[in-house]
Amino acid sequence: MNHTSQFCTFYLDKLLFGVELKTVQEVIRSLEVTQVPLAPEVVSGLINLRGQIVTAVDLRRRLEMEPRAADLPVMNVVVRSEDGAVSLLVDEIGDVVEVEEASFERPPETLRGSVRTMITGVHKLKDRLMLVLDTEKACQMAEGMVVGQ
Amino acid sequence: MSESGIVQDFLVESHENLDRLDRELVGLEKNPKDKDALAGVFRTIHTIKGTCGFLGFNKLEKVAHVGENLLTRLRDGQLTLNPACTTALLSMVDAVRQMLKEIESTGQDGEIDYAELRETLTRLQHPILGDAGSVPRAEAPPAPNDSKAEEKVENTATLPKPAALREAVAPETIRVGVNLLDKLMTLVGELVLARNQLLQISNTVEDTGLQAVSQRMNLIATELQEEVMKTRMQPIGNIWAQFPRTVRDVALGCGKEVEIEMEGKETELDKTIIEAIKDPLTHLVRNSVDHGIELAEVRLQAGKPRAGRLILRAFHEGGQVNIEISDDGAGLSGDRIRKKAVERGVVTAEQAARMSEREVFNLIFLPGFSTAEKVTNVSGRGVGMDVVKTNVEKIGGLVDLQSTLGCGTTVRVKIPLTLAIIPALVVTCAGERYAIPQVNLLELVGLEAEHATSAIEMVHGVPVYRLRGRLLPLVYLRRELKLAHAAEHAGSHDDAVNIVVLQADDRQFGLVVDEINDSEEIVVKPLRKQLKTVKTFAGSSIMGDGKVALILDVLGLAQRASVVGESRERPAAEKKAESVGSAGEKQTFLLFAGLGGSRMAIPLNILARLEEFPVTQVEMSGTQWVTQYRGQILPLVRLAVVLEERRHRLRALQAPPPPDSGPIQVLVLNHDGRTFGLVVDRIIDIVEAHADVRSKATRAAVLYSLVIGERVTELLDIPALLQIAGVNTVPPDQATKAAGVAN
């Protein structure tokens, strides 16, 4: 019997990412962000989520990808982490997909650097690959991370 | 009621009763003949015993039973309470507490049967006979006592009443879970936010009905907030209640006699803060008894009463709570701490000698610092005081220590009343709002555009404002937070300037912001761990319009801007204030010890900062000492090298600093757009002096000698100094201009 699990998917640049559905609290359109001066560059700021203050992490920067063009819309994927809710800023929301364990593979050895700790593996979907993101790792900030100007 | 419900009630009730027992027993020790108190203690134990017999906790019942027997004899006057009795009874209280804990977690009263304790308690009933095996007296207490017991409990308002004996004066209370109170607090926080939003909207809408309603809503919300805050307030006496016992145990343990006094028990504090300061306070109290107060014989020799006095005092002051713990013990020896600090490598001998008594005393708050000659099981293990400081600072408090050798020590803890909702000033900078806690706020200064340019003066690139004759260093929020357009705003003063005068630690500084909005009550929400590294913010809050604003951490900001913390300029600056008197054609100099103890000076206006670097931070660039400083390479010029005879110079130049020497004192100087550090032996003072009594220089790199404070002082020629050191080359005419102190 094959074990299946559900993933909430989203796009960053042209890549498809998936996070386990059960870690996702909600998905919302862009909210007004209060910037935090002197914060690590990956922290895009703070948002007010119905009275709860949530840190927004720019996932593109976190994954060391090209910064998003300023005119592109942003979506918030609010995930539950050890330290409360964190909003991950992504480009576009995809479908919820159900995948079988069999389609999973470890990331290729050639994937290196800090990104490797955040991408736990790949699910081979029919027409494309879905990168599995470890949200807990993505929400963690190393001490002395690059400070934005 | 289900049985588990009964057990739950029994546990809650018994815990409270036990806490009271601790107090009463220690009270009894002072006054062993107090019949009422004895009867009270007896009834409490009796109630516990009765209930656990009913609930089937046999071991607990047995222990309570022998305790009760002993108490019966005490109450009936057949025995007099002595320390041995008290100790045994207190151990019984501990045993009961232990078993209650067991019941709470497992539902059973545990495996231990406390045979030894029971035996002790039994033996104490017959001190003369010493007959451990004798059968205890029958235990049934007389009926009238029984009803009194209930009355007593009724007075503490914790038990459902036996209606017949209710006293009219007892206020009616119900027990409420802490979780519920926390929830209420959160909801009120939300309500306050919604109220703020409503007020903002109603101000923009022309509708008298809406405005009237929102005004009422405003009043009600404010009142509700105050009341709910009160539900979380607890008198500090709640945590002090255990101290008489603590003091007794510690004092007995080290053979001392200590009396404890408490003032201001009723002073109220937020529940979360009470919890946070419990451990630090306990530590301070134990410390005072263990280290502060001397043995009785020593005290008598010193002409003090046998018993030491420990005074706890709490009072409100300026929106904060002050808690003082004073003892009349031996006090701290500044010299001993100095010696210890040098031994431990915390400071160098020179630094130690230069420190004021107060600075020296506060050294004991550094990690791993303990002056106890011998380690006892109470304290002196090198942990503690630093933890006390950290814990108090965590909740936004301060610790200060004062001591007089031979007369005693006072530790003062200053903490905020509450952490949940604070009054704050909201300011705007670069389009974003920031909240500044009112506690740090001193005053606001607005400068008109036409005055701003002349009112803000420069101390070699560092802006200052004369606030009632004293120089207030200015910090630009834009610049510190690296906000957009920092550069274009920094130097120009074409707009009105808003200065928020702030207090950080014991320094003041002016924070320049774009706009000062309003005072508001804000709900503090902590920052998540992703942002914990940003020391300039204490938290965040949701503003009236639903946007998030950051709360500035004034101390963190001050440290970032180097107003406090990184330098040793504090005492110097204080002295400076004293010396400001007849301000004629005087100039301000920084005095420091040069070679061979001679006095040297530089004009203050070229000084950027005073710094201290550990030698490990000193690196070699060729033969030049350098260090990394604020993202730049700071060349370090050594007076010893520049002023010494030539033949020594080369050799000295090439040597890196000895790795085992203490931190080096560095004056960070700005000269002609270049920053460099001047390594000096010791900073003495900042003084104002007339520069007219002068004589010709006797060596290179010295401009002239002058008399400051009745001592001949050499004024350094900075350009020449740099030239000799090979750091910079400046044409001599400019050099004279720069160094010739123009004010």
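Residues numbered from 1 in each chain as written. Chains lettered and ligands numbered in written order. Predicted model: local features only at pLDDT ≥ 70, side-chain atom pairs only at ≥ 80, totals over all residues.

*Asks:* Lay out the overall build of chain A in plain terms, naming residues and giving numbers.
*Replies:* Tallying secondary structure elements over chain A gives three helices and 11 strands in all. When each of the 149 residues of chain A is scored for burial, the buried share is 35%. At a minimum sequence separation of 6, the contacts of chain A that also span at least 24 residues come to 58%. (Helix = DSSP H or I, 4+ residues; strand = E, 2+ residues; numbered from the N terminus. Buried ≥ 20, exposed ≤ 12 C-beta atoms within 10 Å, placed from the backbone. Contact = placed C-beta atoms within 7 Å.)

*Asks:* Provide a residue-level description of the overall build of chain B, including the pertinent values.
*Replies:* When its secondary structure is counted, chain B shows 25 helices and 30 strands. When the 743 residues of chain B are sorted by exposure, 35% land in the buried category. If you take every contact in chain B between residues at least 6 apart in sequence, the share linking residues at least 24 apart comes to 64%.

*Asks:* Tell me about the packing of helix 10 (residues 243-253) of chain B against helix 11 (residues 271-292) of chain B, and please be specific about residues and values.
*Replies:* Residue and element names in this part refer to chain B. Contact geometry of helix 10 with helix 11 gives a least axis separation of 9 Å together with a crossing angle of 35°. Of the two elements, helix 10 crosses helix 11, and the hand of that crossing is right-handed. Across the interface between the two elements, Phe-243, Thr-246, Val-247, Val-250 and Ala-251 of helix 10 pack against Thr-282, Val-285, Arg-286, Val-289 and Asp-290 of helix 11. Broken down by class, the residue content of the contact of helix 10 with helix 11 amounts to six nonpolar, two polar and two charged. (Axes fitted to C-alpha atoms, helices over the stretch in contact; angles between N-to-C directions. Left-handed = near helix turned anticlockwise from the far one by under 90°. Nonpolar A, V, L, I, M, F, W, Y, C, P; charged D, E, K, R; others polar.)

*Asks:* Outline the interface of chain A and chain B, listing residues and values.
*Replies:* On the side of chain B, 22 residues touch chain A, which itself brings 21 residues to the contact. Secondary structure elements with two or more residues in the side of chain A that touches chain B: strand 4 (43-49) and strand 5 (52-58) of chain A. Of the residues belonging to the side of chain A that touches chain B, the class tally is 11 nonpolar, seven polar and three charged.

*Asks:* So what about the sheet that holds strand 12 (residues 462-467) of chain B? Which residues, and what values?
*Replies:* All names here are of chain B. Across the sheet, which stays open at both edges, the six strands sit in the order 10-14-15-13-12-11 with mixed pairing between neighbours. The sheet is open, and its two edges are formed by strand 10 (441-447) and strand 11 (456-459), each paired on a single side. Taking the axes of each pair of neighbouring strands and ignoring which way they run, one obtains an average angle of 40° across the sheet. Pairing between strand 12 and strand 13 (residues 470-476): four bridges, direction antiparallel. Bridging from a neighbouring strand, Tyr-465 pairs with Leu-472 of strand 13. (Pairing = 2+ DSSP bridges.)

*Asks:* Report on the environment of Ala-349 of chain B, specifying residues and quantitative values.
*Replies:* Residues and elements named next belong to chain B. Within the secondary structure, Ala-349 sits in helix 14 (residues 349-354). Residue Ala-349 is classed as exposed on the basis of its C-beta count, with 12 C-beta atoms lying within 10 Å. Note: C-alpha distance between Ala-349 and Lys-339 (10 residues apart in sequence) is 8.0 Å.

*Asks:* Help me get a handle on the sheet that holds strand 9 (residues 432-437) of chain B, residues and values and all.
*Replies:* Residue and element names in this part refer to chain B. Taking strand neighbours across the sheet as the criterion, the five strands line up as 16-8-9-18-17 in an open arrangement whose pairing is mixed. The two strands at the open ends of the sheet, each matched to only one other strand, are strand 16 (515-523) and strand 17 (537-542). Strand-to-strand twist in this sheet, taken as the mean axis angle between neighbours without regard to direction, amounts to 35°. Examined bridge by bridge, strand 8 (residues 421-429) and strand 9 share six bridges and lie antiparallel to one another. Bridge pairing in strand 9 links Val-427 to Tyr-434.

*Asks:* Can you lay out the confidence of the model for chain B for me, pointing to particular residues and giving the numbers?
*Replies:* All names here are of chain B. Chain-level pLDDT for chain B is 75 on average; 80% of the residues reach the 70-or-more range. Below a pLDDT of 50 lies the segment residues 129-170, which in the model reaches 46 contacts outside its immediate sequence neighbourhood of four places, other chains included. Of the regions scoring below 50 in pLDDT, residues 373-383 engages in 21 contacts with residues more than four places distant in sequence or in other chains. The complex prediction reports pTM at 0.46, with the ipTM value standing at 0.80. (pLDDT = per-residue confidence, 0-100.)

*Asks:* So what's going on with the packing of helix 3 (residues 58-75) of chain B against helix 4 (residues 83-106) of chain B? Residues and values would help.
*Replies:* All names here are of chain B. Where helix 3 meets helix 4, the axes come as close as 10 Å, and the angle between the chain directions of the two elements is 160°. Classed by the angle they form, the pair helix 3 and helix 4 counts as roughly antiparallel. Considering only the axes of helix 3 and helix 4, their crossing is left-handed. Contacts from Lys-59, Leu-60, Val-63, Ala-64, Gly-67 and Leu-70 of helix 3 reach helix 4 at Cys-85, Leu-89, Met-92, Ala-95, Val-96 and Met-99. (Parallel < 35°, antiparallel > 145°, perpendicular 65-115°, else oblique.)

*Asks:* Requested: an account of helix 7 (residues 178-204) of chain B, with residues and values cited.
*Replies:* Because the α-helix completes a turn every 3.6 residues, residues three or four places apart line up on one side. All names here are of chain B. For helix 7, spanning 27 residues, the distance from its first C-alpha to its last is 40 Å, which sits close to the expected 39 Å at 1.5 Å a residue. Within the span of helix 7, buried status applies to Met-185, Val-188, Gly-189, Val-192, Leu-193, Arg-195, Asn-196 and Ser-202. As for helix 7, its buried residues are in contact with helix 8 (208-232), strand 8, strand 16 and strand 17. (Expected span 1.5 Å × (residues − 1).)

*Asks:* Tell me what's going on with the nonpolar core, and back it up with residues and numbers.
*Replies:* Judged by nonpolar contacts, the single largest core of 85 residues is most densely connected at Val-57 and Leu-88 of chain A together with Ala-435, Ile-436, Leu-511, Val-512 and Leu-552 of chain B. The element best represented in this core is strand 8 of chain B, accounting for seven residues. Each of domain 2 (178-234) and domain 4 (421-560) of chain B accounts for three or more of the residues forming this core. Once residues within four sequence positions are removed from consideration, Ala-435 of chain B is found in contact with Ala-424, Val-426, Ile-522, Ser-541, Ala-549, Ile-551 and Leu-552 of chain B. (Core = buried A, V, L, I, M, F, W, Y, C linked by C-beta atoms within 7 Å. Domains from an automatic or database assignment.)

*Asks:* Let's hear about unusual backbone geometry: which residues, and what values?
*Replies:* Residue and element names in this part refer to chain A. If you check the backbone angles, Asp-13 has positive phi at about 55° while not being a glycine. Relative to the helices and strands, Asp-13 resides in the loop between strand 1 (4-12) and strand 2 (15-20). On the basis of neighbour counts, which here come to 10 C-beta atoms within 10 Å, the residue Asp-13 falls in the exposed class. Even without a glycine there, the phi angle at Glu-64 is positive, about 55°. Position of Glu-64 among the secondary structure elements: in the loop between helix 1 (59-62) and strand 6 (75-81). The class of Glu-64 is exposed, set by 11 C-beta atoms lying within 10 Å.

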